[in-house]
Every structure is written in structure tokens, then in C-alpha cells.
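Structure at a glance
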Amino acid sequence: MSGFFDLPSDLQHSYLGLVGLHLREALLPVLAGLLVSLPVAQLCVRFRWMYPPVLGVTTVLYAIPSLAFFVVLIDYFGQSETTVMVPLALYSLVVLVPAIVDGVRSVPPETLAAAEAMGFGPVRRYLQVQLPIAVPAIIAGLRVATVSSISLVSVGMLIGNQGALGNMLYDAQTYHRPALAVNSVLTIALLGILADAALVLLRRLLTPWMPTKGAAR
């Protein structure tokens, strides 16, 4: 079993080191995408005419293959983690912007009217009323974006050992060690499952008023 975690030296990391690197390359873009999506989504809610062009631009970006992004970004960032993370952040926008817009728009008008009657300004109303109610929709978008990002990091192996756990797939072929490929696939799948479970737990902590499936039945 120890050989299962015995990695070639050209990977430049231990097994746990690759896991940490993979999580960093996957989660930082999602966080960046969330931070950008929140104000963009609010603008789309406030000015409805903005939503179709914003959604169109993000969809076009998502349709661009990651390799095409790499070719362009290598000239600016070289063969680095940044070259991998920038496309992942852009891909996150495609999922997060619609999720936040739909969540914020789902807030009942009477709730907004009550908040306005209590003297809540636009910013306070957005932060303390609309976003908390939109948490389930936002978390649903984060689940998709996070699992996708964890999967797509492995594509970075094509630009000079920047795919974290995905680099093991290249070495599995180079050194004829299929165990490395199995290790890579299983670990990436496990990270996706754990990240998804963590987000489900976060949603339950942030929205204790929502019934669980068991309670609903």
C-alpha cells in the first residue's frame, strides 16, 4: 500500500503536498469568482437590462476551451498556477452569477417592502435581507462551481506540471505505473465529494430555518 503513495521525484511534492496544491488551485478561483459575482449579480438585479449581456459574455467565456486560455495566458503569467486559476475563476462566474441573481430575485416583495419600511437602505437591504434569503441558491451554485473546479485543475498538467494531482496522470503514462492514475482519479473524486459535503453542511448552518428532507417528510 505504501507504493500507492510513492510518487516520482519529478512531481516535486509529496502526496499530501499535491492534495494541498490541488485544493489551492481549485478553491481560490471559486472564491475569486464569488467575490466578483456578488456585486455583478446585484447590478444585474438592480438594472435588469444588464443581465442578458452579462450572461452572454460569461457563457461565451465558458465555451472557450481551457487550452485556448492557457495559450493566451502563458504569454502573461508563464507556466504557473495563475495560468490555471484565471480560467477556473472565469468558469465559476458562469455558474455563480445566475445562481445569485435567481436567489436574490426569489426574495418576496413584501419582505423587501418591510425592510424598506424599517429604514434599510439598498446596501443594508442587500447584505442583511436579500443575501441571507438567497443563501440556498448561492450554495447550490457554489457546489457546482467547486466540484467542477476541482475536476478541471488536472488539465494544468498540460502546461508544465501545473495540474497538481492531475500531474500523476501524466507520470502514470510516462513511467508505466497505472497505480498513479488510479490514485489521482480516486483522490480528485474524494476531494470533490468532501467539498460538496462541506458546502451542504455550511448551508445547513447558515439556514437553520430550512427543514431537512427528513423533517419535510
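Remember, it's a predicted structure, so these values are computed and weren't measured experimentally.

Cut-offs and rules
- Residues numbered from 1 in each chain as written.
- Predicted model: local features only at pLDDT ≥ 70, side-chain atom pairs only at ≥ 80, totals over all residues.
- Heavy atoms only, no water.
- Core = buried A, V, L, I, M, F, W, Y, C linked by side-chain atoms within 4.5 Å.
- Buried < 20%, exposed > 50% of the residue type's maximum accessible area, 1.4 Å probe, protein only.
- Helix = DSSP H or I, 4+ residues; strand = E, 2+ residues; numbered from the N terminus.
- Contact = heavy atoms within 4.5 Å.
- Expected span 1.5 Å × (residues − 1).
- Bend = angle between axes of the 7 residues up to and from the residue.
- pLDDT = per-residue confidence, 0-100.
- Axes fitted to C-alpha atoms, helices over the stretch in contact; angles between N-to-C directions.
- Parallel < 35°, antiparallel > 145°, perpendicular 65-115°, else oblique.
- Left-handed = near helix turned anticlockwise from the far one by under 90°.
- Nonpolar A, V, L, I, M, F, W, Y, C, P; charged D, E, K, R; others polar.

Judged by nonpolar contacts, the single largest core of 24 residues is most densely connected at L7, L18, I150, L165 and M168. Among the elements of the structure, α1 (15-46), α3 (66-77), α4 (81-105), α7 (167-174) and α8 (178-206) are those that each provide at least two residues to this core. Per-element tally for this core: the top contributor is α1, with five residues. Leave out the neighbours within four places in its chain, and L165 touches L18, V19, H22, S184, T187, I188 and L191. Counting residues in hydrophobic clusters, the runner-up holds 21 residues, among them L96, V101, Y126 and A145.

What follows deals with helix α6 (residues 122-152). With 31 residues, α6 should reach 45 Å at 1.5 Å per residue; the first-to-last C-alpha distance of 37 Å falls well below that figure. Its axis deflected by about 55° at V135, α6 carries its strongest bend there, up to four residues before the proline P136.

Mean pLDDT over the protein works out to 83, with 94% of the residues at or above the 70 mark. The spread of mean pLDDT over the elements of the protein runs between helix α9 (residues 213-216), the lowest at 50, and α8, the highest at 91.

What follows deals with the packing of helix α5 (residues 109-117) against α6. Packing of α5 against α6 leaves a shortest axis separation of 11 Å and a crossing angle of 155°. Taken together, α5 and α6 sit at an angle that is classed as roughly antiparallel. Note that α5 runs across α6; the crossing there is right-handed. Touching T111, L112, A115 and E116 of α5 are R125, V129, Q130 and I133, all from α6.

Moving on: the environment of A68. Residue placement: A68 occurs in helix α3. In this structure the C-alpha to C-alpha distance between A68 and P87, which are 19 residues apart in sequence, comes to 9.8 Å.

Turning to the packing of α6 against α8, a few remarks are in order. Between α6 and α8, whose axes approach to 9 Å, the crossing angle comes to 165°. Viewed along their axes, α6 and α8 adopt a mutual orientation that is roughly antiparallel. In this structure, α6 meets α8 at a crossing whose hand is right-handed. Facing α6, whose interface residues are V135, P136, I139, L142, R143, T146, V147, I150 and S151, α8 presents I188, L191, G192, A195, D196, L199, V200, L202, R203 and L206. The residue inventory of the contact of α6 with α8, partitioned by class, reads 13 nonpolar, three polar and three charged.

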